Amino acid sequence: MSNQTVIGIDCGTQSLRAAIYRTDGHVVAQASSSYPTSFPRPDWAEQNPDDWWRALEDAVRACLGQGGVKDFEIAALGIDSTSFTGVWCEEDGTPLRPAVLWMDHRAAREADEVAASRHPVLEHSGWRVSSEWMLPKAMWIARHEPEVHGSAARIAGGADWLVHRLTGTWRTSTGGAASKRHWTPTGGWPRELYAQMGVPGLEEKNPDHVQYMGEPTAPMLPEAAEALGLSPECIVAHAGMDGWVAPIGKACLEPGTASLTLGTSTVMVLETVDRIVIDGIMGPFPEGIRKNRFTYEAGQTSGAAVVGWALELMGVAPNSDAYAHLERAARRIPAGSQGIVVFDAWRGNRTPYFDAAARGVVFGLTLEHTPAHVYRAVLEGCAFGIRNVASRIRDAGHAIDEFRVCGSGAANTLWTQIIADATGIPLRVSAEKHATCLGAAVCAAAAAGLFPSLAEAAAAMAPAFETVMPQTGIHAYDDYFSAYLKIYEKTCGTMAHLSALTGDTRPGRTGNSK
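These notes cover the structure that comes with them.

Procedures and definitions
- Residues numbered from 1 in each chain as written.
- Predicted model: local features only at pLDDT ≥ 70, side-chain atom pairs only at ≥ 80, totals over all residues.
- Heavy atoms only, no water.
- Helix = DSSP H or I, 4+ residues; strand = E, 2+ residues; numbered from the N terminus.
- Rg over C-alpha atoms; globule rule 2.2 N^0.38 Å.
- Buried < 20%, exposed > 50% of the residue type's maximum accessible area, 1.4 Å probe, protein only.
- 1 Å grid on protein atoms, 1.4 Å probe; cavity = no way out; pocket = protein on both sides within 12 Å on 5 of 7 lines; lining within 4 Å.
- Points joined across faces, edges and corners; volume = space filled by probe spheres on them.
- Nonpolar A, V, L, I, M, F, W, Y, C, P; charged D, E, K, R; others polar.
- Pairing = 2+ DSSP bridges.
- Phe/Tyr/Trp six-rings, centres within 6.5 Å; stacked < 30°, edge-to-face > 60°.
- Lys NZ or Arg CZ within 6 Å of the ring centre and 35° of its normal.
- Axes fitted to C-alpha atoms, helices over the stretch in contact; angles between N-to-C directions.
- Contact = heavy atoms within 4.5 Å.
- Core = buried A, V, L, I, M, F, W, Y, C linked by side-chain atoms within 4.5 Å.
- Parallel < 35°, antiparallel > 145°, perpendicular 65-115°, else oblique.
- Left-handed = near helix turned anticlockwise from the far one by under 90°.
- Arc of directions from axis to C-beta.
- Expected span 1.5 Å × (residues − 1).
- Bend = angle between axes of the 7 residues up to and from the residue.
- Salt bridge = Lys/Arg side-chain N within 4 Å of Asp/Glu carboxyl O.

Across its full length, the protein chain holds 16 helices and 21 strands. The C-alpha atoms of the protein chain give a radius of gyration of 22 Å, which matches the 24 Å a tight globule of 514 residues would have. Taking the principal axes of its C-alpha atoms as reference, the protein chain extends roughly 65 × 50 × 45 Å. Residue burial in the protein chain is summarised as follows: out of 514 residues, 62% are buried.

In structure tokens form, the structure reads like this:
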């Protein structure tokens, strides 16, 4: 193989996955290792960073054994993670507390405060701020755990922390810096905003270097290489955030080609040449993926997680005979689930409302409805969440000609068909379900110099796709989508009240929503 293989690492919410790829995109081997998540309070979510490292060791060594690949045959390793998942640590990387996961919403009040500041840098995020992002989380830690904030030499993203374990250097990606930390290529870290929000000097806790995906970070430390069974000559590439490396794994670098990840959450990413501020959409983030481009992000905090919740509530196991029966029945039900509409905010709304206190709603139930009606309505509600943001992007003037789809939910053919029908946009479903791993591997291949550019590496290593065309016509869903929008409009205040009654201290809709 002579150094023509690379490893892609995806440090996800529930597990870390590693895969070895050839430069034609062929998968040589893949393995995963899981780790636990703790939920100390409602809407809090934490993990032990050391569990990620143990999972990395296990998964990489399993891949090497499975694929029969020698250490010197791996030219580079690329690694991504969820974001913003924060690690408060000492300079040497020793964690001072459990990592705060991306889906932890304890900092919703702080997010509203940042948005209310109307600082000019917030234009790059559409004037909205999410509690998933770094600054609100850092403000919360500074207020509630001041000893941790004061002792932390670094506040690292998940991939940043792992890259440091691998190379001894503190680096992050342009995507993570621009979209989750308010960095810009011209202004750097927003020192003035940090100080205004009561965390002066926060920029000193950020990684030292911001680099583009596909750029080399450094060779691997000898002790890290030994732990993983790799050569110290193996180049490490920072592949950034999982949601933003998936587009690279699906070669979504052409105009009008949007990436859609149907994972625990749904993530839509679109790279454009033109810069347009769109209400309710995150972006336009400058140079988030490539130079002289802008990146938009949208989606929902709970995607396939809602589908899984519904199946578990019904006592139906995926891939079981009961599930096959449920799906067949749901396919026979017409668009609109005979009057049931679901609002898909099981863990708040990410976009376009930026409302951490939003709640899931199942509306329109009657005694005549069956579990199949409810299941289909859940799939439709999740599709409406995608339509809600895609229509805003298209109405603003950016084309979305197709979605390139990956993630665990991509295997649900009923759901992908409903998304195509409800949005009117064709789907191209990736044959490589773990496109985040492939995207990280593409970054590794570019960093190792196996291709002249990131775009050329992505094109050469791109997977095959299966096309799902709209069938019913988008108008079959228009009235139900209108009802979906009205559900939030009419009940958002009640959602906030209910979250407060259950002991949730999040403020709901304040200055962070229009």
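Glancing now at the layout of surface pockets. In this structure, the largest pocket encloses a volume near 1,100 Å³. If you trace the largest pocket, you find 46 residues lining it, with Thr 13, Gln 14, Gly 263, Thr 264 and Ser 265 closest to the centre. It is helix H10 (residues 304-314) that contributes the most residues to the lining of the largest pocket, 4 residues altogether. Its residues assigned to classes, the lining of the largest pocket shows 18 nonpolar, 19 polar and 9 charged. In this structure, the second largest pocket occupies an estimated 330 Å³ of space. For the second largest pocket, the lining is made up of 15 residues, of which Leu 311, Pro 318, Tyr 323, Ser 408 and Asn 412 are closest to its centre.

Below, the discussion takes up the pairing of strand S2 (residues 15-22). In this structure, strand S1 (residues 5-11) lies alongside S2, joined through 7 bridges in antiparallel fashion. Residue Ile 7 lies in a different strand from S2, and its bridge partner there is Ile 20. Between S1 and S2, which pair antiparallel one after the other, the connecting turn spans 3 residues. Here S2 runs beside strand S3 (residues 27-34); their pairing, made up of 7 bridges, is antiparallel. Bridging across to S3, Ala 19 finds its partner in Gln 30. Counting the residues between successive antiparallel strands, the hairpin from S2 to S3 contains 4 residues, one of them, Gly 25, with a positive phi of roughly 90°.

Applying the stated criterion across every chain yields a total of 3 cavities of 30 Å³ or more. The volume enclosed by the second largest cavity comes to roughly 100 Å³. Contributing to the lining of the second largest cavity are 17 residues, with Ser 83, Gly 157, Asp 160, Thr 172 and Met 241 lying nearest its centre. Those elements that provide at least two residues to the lining of the second largest cavity are helix H5 (158-167), strand S9 (171-173), helix H6 (174-180) and strand S12 (235-241).

All right, on to the packing of aromatic side chains then. Aromatic ring pairs: the centre-centre distance and the angle between the two ring planes describe each pair. Overall, the coordinates contain 14 aromatic pairs when judged by the stated rule. A ring pair is formed by Trp 244 and Phe 285, whose centres lie 5.7 Å apart and whose planes are at 50°; its orientation type is tilted. In this pair, Trp 244 is assigned in helix H9 (residues 242-249) and Phe 285 in strand S15 (residues 282-286), connecting sequence segments 41 residues apart. Each member of the pair, Trp 244 together with Phe 285, is buried. Counting every residue linked through ring pairs, the aromatic cluster contains Phe 343, Tyr 353, Phe 384, Tyr 477, Phe 481, Tyr 484 and Tyr 488. The ring of Trp 53 carries the charged tip of Arg 165 above its face, separated from the ring centre by 4.3 Å. It is Arg 404 that lies over the ring of Phe 465; its NZ or CZ is 4.9 Å from the centre.

Below, the discussion takes up the sheet that holds S2. Spatially, the 6 strands line up as an open sheet ordered S3-S2-S1-S5-S12-S11, and their pairing is mixed. In the strand order of this sheet, the two ends are held by S3 and strand S11 (216-219), each with one partner. Mean inter-strand twist for the sheet, computed between neighbouring axes without regard to direction, equals 20°. The sheet contact formed by S11 and S12 spans 3 bridges and is antiparallel. Pairing of Ala 218 across the sheet is with Val 236, part of S12. In the packing of helix H14 (residues 435-447) onto the sheet, contacts are made with S1, S2, strand S5 (74-81), S11 and S12, and the angle to S1 comes to roughly 135°.

Next up on the list: the nonpolar core. Note on soluble globular proteins: their nonpolar side chains tend to be buried together. Core analysis: the biggest nonpolar cluster contains 64 residues, and Val 6, Leu 135, Ile 248 and Met 461 have the highest contact counts within it. For this core, the leading source of residues is H14, giving 9 residues. Counting 62 residues, the second largest nonpolar core, distinct from the first, contains Leu 270, Val 389, Ile 400 and Val 429.

We now examine the packing of helix H1 (residues 49-67) against H5. For the pair H1 and H5, the least separation of the axes is 11 Å and the interaxial angle reads 60°. Of the possible angle classes, the one that applies to H1 and H5 is oblique. In the packing of H1 onto H5, the handedness of the crossing is right-handed. When H1 is examined against H5, the residues Pro 49, Asp 50, Trp 52, Trp 53 and Leu 56 are found in contact with a partner set consisting of Gly 158, Trp 161, Leu 162, Arg 165 and Leu 166. Classifying every residue of the contact of H1 with H5 by side-chain character gives 7 nonpolar, 1 polar and 2 charged.

Within helix H15 (residues 454-461), the full set of buried residues consists of Leu 454, Ala 457, Ala 458 and Met 461. Each buried residue of H15 lies within a common arc of 100° when the element is viewed along its axis, so the set occupies one face.

Taking 1.5 Å of rise per residue, 24 residues should cover 34 Å, and helix H16 (residues 478-501) covers 34 Å from first to last C-alpha, within 8% of that figure. If you look at H16, its biggest bend is around 60°, right at Thr 491. Among the residues making up H16, those that are buried are Phe 481, Tyr 484, Ile 487, Tyr 488, Cys 492, Met 495 and Ser 499. Residues of H16 that are buried in the fold lie against strand S17 (341-343), strand S18 (361-363) and helix H12 (371-395).

To continue, consider the pattern of salt bridges. Tallying each qualifying case throughout the model produces 27 salt bridges. Here Arg 97 and Glu 145 are joined by a salt bridge, their closest N and O atoms 2.6 Å apart. Of the two residues, Arg 97 sits in the loop between strand S6 (86-89) and strand S7 (99-100) while Glu 145 sits in the loop between helix H3 (134-144) and helix H4 (146-151), which places them 48 residues apart along the sequence. By the burial criterion, Arg 97 is buried, and Glu 145 matches it. A salt bridge links Arg 376 to Glu 380; the shortest N-O distance between them is 2.9 Å. Of this pair, Arg 376 and Glu 380 both sit in helix H12, 4 residues apart, which is roughly one turn of that helix. In this pair, the class of Arg 376 matches that of Glu 380, namely buried.

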